[in-house]
Amino acid sequence: METFIILGKWTPQGIAKVKEAPARIEAVRKATEAAGGKMVAWYLTFGRYDFVVISEAPDARAAARLLLANGAQGNASSETLHAL
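Since we're looking at a predicted model, the values are computed, not measured. (Residues numbered from 1 in each chain as written. Predicted model: local features only at pLDDT ≥ 70, side-chain atom pairs only at ≥ 80, totals over all residues. Heavy atoms only, no water.)

J.: Just to check I follow, could you spell out the packing of aromatic side chains for this structure?
T.: What describes a pair of aromatic rings is the distance from one ring centre to the other and the angle between the planes of the rings. This model, assessed by the stated rule, comprises two aromatic pairs. When the ring of Trp 10 is compared with that of Phe 51, the centres are 5.0 Å apart and the planes differ by 45°; the resulting orientation is tilted. Linking Trp 10 in strand β1 (residues 2–10) with Phe 51 in strand β3 (residues 51–57), this pair joins segments that are 41 residues apart in sequence. The pair formed by Trp 10 and Phe 51 is uniform in burial state, with each residue classed as buried. Look at Trp 42 and Phe 51: their rings are 5.8 Å apart centre to centre, the planes differ by 15°, and that puts the pair in the stacked class. The exposure class assigned to Trp 42 is partly exposed, which follows from its relative accessible area of 26%. (Phe/Tyr/Trp six-rings, centres within 6.5 Å; stacked < 30°, edge-to-face > 60°. Helix = DSSP H or I, 4+ residues; strand = E, 2+ residues; numbered from the N terminus. Buried < 20%, exposed > 50% of the residue type's maximum accessible area, 1.4 Å probe, protein only.)

Printed below as a string of structure tokens:
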């Protein structure tokens, strides 16, 4: 498994529907598991980023597929770090 640190910001669409965030987070957790990965942790944060996710995926390609699918929903933008 490879580890990824995802730094996220809500988009205007995502913040307008912030009450739906717990269901969206659970959907991402399930999608990650279906792809053979694991969402290790999800943190709400103060400052430059609204949330941080620590995630594992089988490889960078699997992580990219998940990130693109989640990003296409338009609720958040992210910056992803490949942790070694």
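J.: Would you mind showing me how to read the layout of surface pockets here?
T.: Over the atoms, a rolling probe the size of a water molecule traces out where space has been left empty. Quantified by volume, the largest pocket comes out at close to 490 Å³. Around the largest pocket sit 26 residues that line it, and Ile 6, Val 28, Phe 51, Val 53 and Asn 70 are the ones nearest its centre. Every element with two or more residues in the lining of the largest pocket is listed here: β1, α2 (21–34), β2 (38–44), β3, α3 (60–71) and β4 (76–83). Along the lines of polarity and charge, the residues of the lining of the largest pocket split into 15 nonpolar, nine polar and two charged. (1 Å grid on protein atoms, 1.4 Å probe; cavity = no way out; pocket = protein on both sides within 12 Å on 5 of 7 lines; lining within 4 Å. Points joined across faces, edges and corners; volume = space filled by probe spheres on them. Nonpolar A, V, L, I, M, F, W, Y, C, P; charged D, E, K, R; others polar.)

J.: Is there a simple way to think about the sheet that holds β4 in this case?
T.: Where strands meet in a sheet, backbone hydrogen bonds hold them as pairs that are either parallel or antiparallel. Read across the sheet, four strands follow the order β2-β3-β1-β4 without closing on themselves; strand pairing throughout is antiparallel. Of all strands in the sheet, those with a lone pairing partner are β2 and β4, marking the two edges. Averaged over all pairs of adjacent strands, the angle between strand axes in this sheet comes to 20°, irrespective of strand direction. Strands β1, β2 and β3 of the sheet are contacted by α2, whose axis makes an angle of about 155° with β2. The strands touched by α3 are β1, β3 and β4; relative to β1, the strand with the most contacts, the crossing angle is about 20°. (Pairing = 2+ DSSP bridges. Axes fitted to C-alpha atoms, helices over the stretch in contact; angles between N-to-C directions. Contact = heavy atoms within 4.5 Å.)

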